[in-house]
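Per-entry structural report
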Amino acid sequence: MDERVLCNLAAAGAAALMPEAARLRDAGHGRVVSYSRKVFIPLTRLCRDACGYCAFARAPRPGARAFLDPEEVIAIARAGREAGCHEALFTLGDKPELRYRVAREELAARGHASTIGYLAAMCERVLRETGLLPHVNPGVMTREDIECLRRVSASQGLMLESTAERLCARGGAHAGAPDKRPSVRLETLRLAGEARVPFTTGILVGIGETRRERIDALVAIRALNERYGHVQEVIVQNFRGKPGTRMSGAPDCPREEHLWTVAAARLILGPDMNIQAPPNLAGPDCADLIAAGVNDWGGVSPVTPDHVNPERPWPSLAALEELTASCGKVLVERLPSYPRYCVDAARWHDPALAVRVTRAADSEGYARADGWSPGLSVEPVLPRPGVTAAPPAPQLAAILEKAGAGEALAEHEIERLFRARGEEIDLVRAAADAARSSRVGDTVRYVVNRNINYTNICAYHCAFCAFSRGTRAGAPRGAPYDLPLEEIERRVEEAWRRGATEVCMQGGIHPSYTGETYLDILRAAKQAAPRIHVHAFTPLEVTHGAQTLGITVTGFLRELIGAGLGSLPGTAAEILDDEVRREICPDKVTADQWLSVMAAAHELGLRSTATIMFGHLEHPRHWARHLARVRSLQARTGGFTEFIPLTFVHMEAPLYRQGRARRGPTAREAVLMHAVSRLALNGAVANIQVSWVKMGAAGARLCLASGANDLGGTLMNESISRAAGTVHGQEFGPAAMDDLIRSASRVPAQRTTLYAAAPAEQVRAAYCAPPLEEALPHGARAAPRRGEPTARAC
């Protein structure tokens with residue numbers, strides 16, 4: 001901004017600035033207003049500074065300790081954890097050991113040379129013993145201080161307050177406070193940028209500064225953030241006089257000045273900056289702060305008071321949610337690090353902290369607000385929708401109308417649907433359910449089938465896979481196996497006798513498998529049950545088979561069809577974006593190769609499913625790209641029978657154990673994936689399937705009310721998700737399927753793989769199927785494959 005613009009800004013009234021500030025805020029943050037559920041830990045109230053307005057800092061008192069004991073710190077943190085907090089806010093005076101002997105002595109007795117050292121030790125204990133993420137406000141810091149605390153805190157903070165040097169002179173608010181000199185505080189902000197620390201700062205309004213001096217402070221913050229990108233939020237805090245301070249008689253910051261400063265901060269700092277105003281200091285009627293451009297309420301504690309402003313209690317979370325909704329916004333919980341720093345946690349956090357931040361965040365970097373993960377016995381619960389005073393955003397309404405008409409959505413429109421929160425979730429779900437009803441009616445179908453995973457030995461190294469093993473018997477994640485053809489035949493024959501119309505066959509890419517191996521597997525299955533539909537081999541297996549035989553993919557597909565292949569499973573798609581694939585499956589087929597194999601199969605008359613595996617390290621923009629690519633291919637070939645969202649099951653996945661993945665999608669994300677898939681593929685792919693193995697019965701019921709119309713297969717055996725840690729069983733028989741479907745007020749029906757009605761004799765057999773026979777142990781010696789002269793042991 002040039003000088004003329006800044007002068008005009010200083011001369012304008014708040015009302016003149018607020019509309020544009022609100023527009024910018026909406027451009028950057030939409031309808032979301034965030035907050036952090038925190039617990040406040042006042043490690044010490046001693047401080048070497050003597051600010052004229054501060055009631056937090058106090059001199060040593062006879063018989064009183066200078067610092068909280070470790071047990072007190074942990075007790076406060078545990079209370080916060082029990083109340084659902086994610087953040088442990090450490091607030092303390094600035095370097096009291098430089099002023100007070102009692103502080104030096106107490107630190108020495110605890111084995112620390114400085115307050116920063118003791119703070120770091122307490123942060124480490126809170127992390128280790130409670131899992132809360134520390135945010136630290138220790139005052140002015142050196143480079144070494146910042147780097148020390150970076151190892152044990154998710155974020156740090158220092159209020160700039162003002163760049164007005166004159167406030168440090170006698171009679172000023174910062175007289176007697178050497179650490180409040182603007183140059184000293186700006187240097188701390190600069191060092192934090194160099195150290196890549198998500199950093200909170202802000203200004204204090206009404207302590208004797210002018211509007212132009214506030215502008216100068218905001219411009220200084222902007223310059224540092226433009227250089228380093230580390231300023232995660234700017235707090236615009238209004239001064240309120242406190243009894244017992246030098247400024248107790250000074251007037252409180254006028255509301256007009258507070259609103260003007262919030263709006264000016266938004267205009268100077270831009271749409272993406274997080275601008276906070278503490279709601280307890282603003283009073284109960286603080287909706288005008290949202291109108292002025294605020295997008296965050298800061299930390300709110302359900303456990304501890306605001307020790308800096310004890311006379312101003314925080315509003316309850318229910319009251320804050322109601323206030324936010326009255327402004328047409330939705331309240332969303334965040335972590336102490338703001339979302340953009342959480343989605344790039346490895347860059348902005350120490351490695352150990354990055355793991356914790358990633359696991360505590362959702363796909364957009366906000367806090368995981370539920371304890372559900374795919375595969376756990378916990379039932380998923382959607383966030384309670386707040387009722388906002390504003391109608392649905394016009395953009396969202398237009399996207400839903402377009403999707404309902406069956407038109408293709410642009411990637412940014414699909415991404416907008418994935419970002420639905422609050423009552424928008426219900427709008428998206430309702431639109432998806434209406435599209436489902438219009439397209440396929442109230443019947444929910446499923447296929448009686450059997451999964452046969454013929455080997456878990458794999459030469460590939462997919463980071464999400466807990467199923468694959470190496471070739472050694474002592475492999476760390478369990479015994480490798482390679483089923484003999486006789487065992488495959490036995491399982492297929494048994495499946496047919498138990499009413500199955502399909503066998504689904506997939507496995508690892510065994511280093512000694514060739515295209516002939518896959519043909520032998522097919523022939524064995526068809527020999528065991530000539531009428532059974534064989535749904536087998538992902539694009540990765542097809543590509544591998546073709547390469548080993550030295551023929552084209554199309555040529556190999558023709559051979560597979562000749563040997564009895566009925567359709568292809570759409571797994572190995574994962575995320576159809578090579579940015580993500582480089583991280584989770586770098587040696588697998590690329591997104592284009594997966595699509596190319598499917599296109600070749602469709603051109604030969606083979607149908608296939610399509611899948612997405614989500615909830616690990618990808619984000620909504622990748623989901624949108626994936627759905628757009630699936631729809632684009634379907635428009636060309638029409639070969640996809642259904643789309644299947646597969647939630648990432650994290651418990652045993654290497655990607656999670658290495659600390660690089662989230663804990664699967666949240667309940668909100670999992671349900672939205674089914675709903676948005678219905679809308680994004682409406683008019684293209686008729687069937688949206690929900691996996692009971694991943695979602696459980698309760699999750700499946702939610703998805704059936706959100707656009708899904710298919711429950712997949714009964715499975716009989718399930719190895720891949722079970723290896724990852726899911727508890728939802730290996731078989732969900734027809735009677736259980738029917739009960740689940742009827743509990744969702746839908747009509748159950750058995751189908752074939754290609755969505756014809758299942759043969760009556762197979763339906764009857766499925767309902768009275770005997771128990772499964774015991775399967776051959778995985779460690780058995782394998783029968784010779786075609787082209788192998790002798791048997792092979794795993």
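Treat the numbers as computed from the prediction; the structure is a model and nothing was measured.

**Let's talk about the overall build of the chain**
The secondary structure content of the chain amounts to 31 helices and 19 strands. By principal-axis analysis of the C-alpha atoms, the chain measures approximately 95 × 60 × 45 Å. Residue burial in the chain is summarised as follows: out of 794 residues, 62% are buried. Within the chain, residue pairs in contact and separated by at least 24 positions form 77% of the contacts whose partners lie at least 6 positions apart.

**Regarding helix α12 (residues 317-326)**
Leu317, Leu320, Leu323, Thr324 and Ala325 are the residues of α12 that are buried. Here the buried face of α12 lies against β1 (32-44), α10 (279-282), α11 (287-291), β8 (296-300) and β9 (330-334).

**Here we look at the sheet that holds strand β16 (residues 640-647)**
Read across the sheet, seven strands follow the order β11-β12-β13-β14-β15-β16-β17 without closing on themselves; strand pairing throughout is parallel. Each of the sheet's edge strands pairs with one partner strand only, and the pair in question is β11 (449-453) and β17 (687-688). Pairing between strand β12 (residues 502-506) and strand β13 (residues 533-536): four bridges, direction parallel. Paired with methionine 505 across the strands is alanine 536, a residue of β13. Along the sheet face, helix α27 (residues 667-680) touches β15 (607-614), β16 and β17 and points at about 165° away from the line of β16.

**Considerations on the confidence of the model for the chain**
In the predicted model, the chain carries a mean pLDDT of 93, and the fraction of residues at 70 or more is 94%. Low confidence marks residues 472-476, where pLDDT is under 50. Its contacts with residues over four positions away, or in another chain, come to four contacts. In this model, residues 779-794 is a region of pLDDT below 50 whose contacts with residues beyond four sequence positions or in other chains number 38 contacts.

**Section: the pattern of salt bridges**
Summed over the entire model, instances satisfying the criterion amount to 67 salt bridges. A salt bridge links glutamate 226 to arginine 222; its shortest N-O distance comes to 3.8 Å. Of this pair, glutamate 226 and arginine 222 both sit in helix α8 (residues 211-228), four residues apart, which is roughly one turn of that helix. The partner of arginine 419 in a salt bridge is glutamate 415, with the nearest N and O atoms 2.5 Å apart.

**Side note on the side chain of histidine 616**
Considering the arrangement of structural elements, one finds histidine 616 in the loop between β15 and α25 (620-637). A relative accessible area of 0% means that histidine 616 is categorised as buried.

**Describing the environment of histidine 412**
Residue position: histidine 412 is located in helix α17 (residues 411-418). Considered as a pair, histidine 412 and alanine 624 are 212 residues apart in the sequence and their alpha carbons are 7.3 Å apart.

**Observations concerning the packing of helix α21 (residues 539-549) against helix α22 (residues 553-562)**
Packing of α21 against α22 leaves a shortest axis separation of 9 Å and a crossing angle of 105°. Of the possible angle classes, the one that applies to α21 and α22 is roughly perpendicular. Judged by residue contacts, Glu541, Val542, Gly545, Ala546 and Leu549 of α21 engage Val553, Phe556, Leu557 and Leu560 from α22. Looking at the contact of α21 with α22 residue by residue, the class counts come to seven nonpolar, one polar and one charged.

**A closer look at the packing of aromatic side chains**
A complete count under the given rule lists 13 aromatic pairs for this structure. These aromatic residues form a ring-pair network of at least three members: Tyr454, Tyr513, Tyr518 and Phe537. Just above the ring of tyrosine 755 sits the side chain of arginine 751; from NZ or CZ to the centre is 4.1 Å.

**Observations concerning the pairing of strand β14 (residues 565-568)**
In the sheet, β13 pairs with β14 via two bridges, with the strands oriented parallel. Within β14, the position partnered with histidine 535 by the bridge is serine 567. Looking at chain direction, β14 and β15 are connected through two bridges and run parallel. Following the sheet pairing, serine 567 is matched in β15 by arginine 607.

**Some details on the sheet that holds strand β10 (residues 443-447)**
Taken in spatial order, the three strands line up as β18-β10-β19 in an open sheet, and their pairing is parallel. Looking at strand neighbours, the two that pair on one side only are β18 (710-713) and β19 (747-751), the edges of this open sheet. Taking the axes of each pair of neighbouring strands and ignoring which way they run, one obtains an average angle of 20° across the sheet. Pairing geometry for β10 and β18, over two bridges, is parallel. Within the sheet, the bridge partner assigned to arginine 445 lies in β18 and is aspartate 710.

**A look at the packing of helix α5 (residues 115-130) against helix α6 (residues 143-150)**
Across the interface, α5 lies against α6 with an axial gap of 9 Å and an inter-helix angle of 10°. One element, α5, and the other, α6, form an angle in the roughly parallel class. Mapping the contact onto sequence places Ile116, Leu119 and Ala120 in α5 and Asp145, Cys148 and Leu149 in α6. Considering only residue class, the contact of α5 with α6 consists of five nonpolar, no polar and one charged.

**A few points about the side chain of arginine 25**
With respect to the element layout, arginine 25 can be found in helix α2 (residues 14-29). On the basis of relative accessibility, which here comes to 2%, the residue arginine 25 falls in the buried class. In terms of polar contacts, arginine 25 uses its side chain to reach the backbone carbonyl oxygen of valine 294, at 2.8 Å. Setting aside its immediate chain neighbours within four residues, arginine 25 contacts Gly30, Arg266, Ile290, Gly293, Val294, Asn295 and Lys329.

**Section: unusual backbone geometry**
A positive phi is found at glutamate 161, a non-glycine position, where the angle reads about 70°. Locating glutamate 161 in the fold gives a position in the loop between β4 (155-157) and α7 (182-194). Overall, the relative accessible area of 9% leaves glutamate 161 in the buried class. Positive phi outside glycine occurs at leucine 715, with the angle close to 75°. Locating leucine 715 in the fold gives a position in the loop between β18 and α29 (720-724).

How each quantity is defined
Residues numbered from 1 in each chain as written. Predicted model: local features only at pLDDT ≥ 70, side-chain atom pairs only at ≥ 80, totals over all residues. Heavy atoms only, no water. Helix = DSSP H or I, 4+ residues; strand = E, 2+ residues; numbered from the N terminus. Buried < 20%, exposed > 50% of the residue type's maximum accessible area, 1.4 Å probe, protein only. Contact = heavy atoms within 4.5 Å. Pairing = 2+ DSSP bridges. Axes fitted to C-alpha atoms, helices over the stretch in contact; angles between N-to-C directions. pLDDT = per-residue confidence, 0-100. Salt bridge = Lys/Arg side-chain N within 4 Å of Asp/Glu carboxyl O. Parallel < 35°, antiparallel > 145°, perpendicular 65-115°, else oblique. Nonpolar A, V, L, I, M, F, W, Y, C, P; charged D, E, K, R; others polar. Phe/Tyr/Trp six-rings, centres within 6.5 Å; stacked < 30°, edge-to-face > 60°. Lys NZ or Arg CZ within 6 Å of the ring centre and 35° of its normal. Polar contact = N/O pair within 3.5 Å; in protein donor to acceptor, adjacent residues only side chain to side chain.

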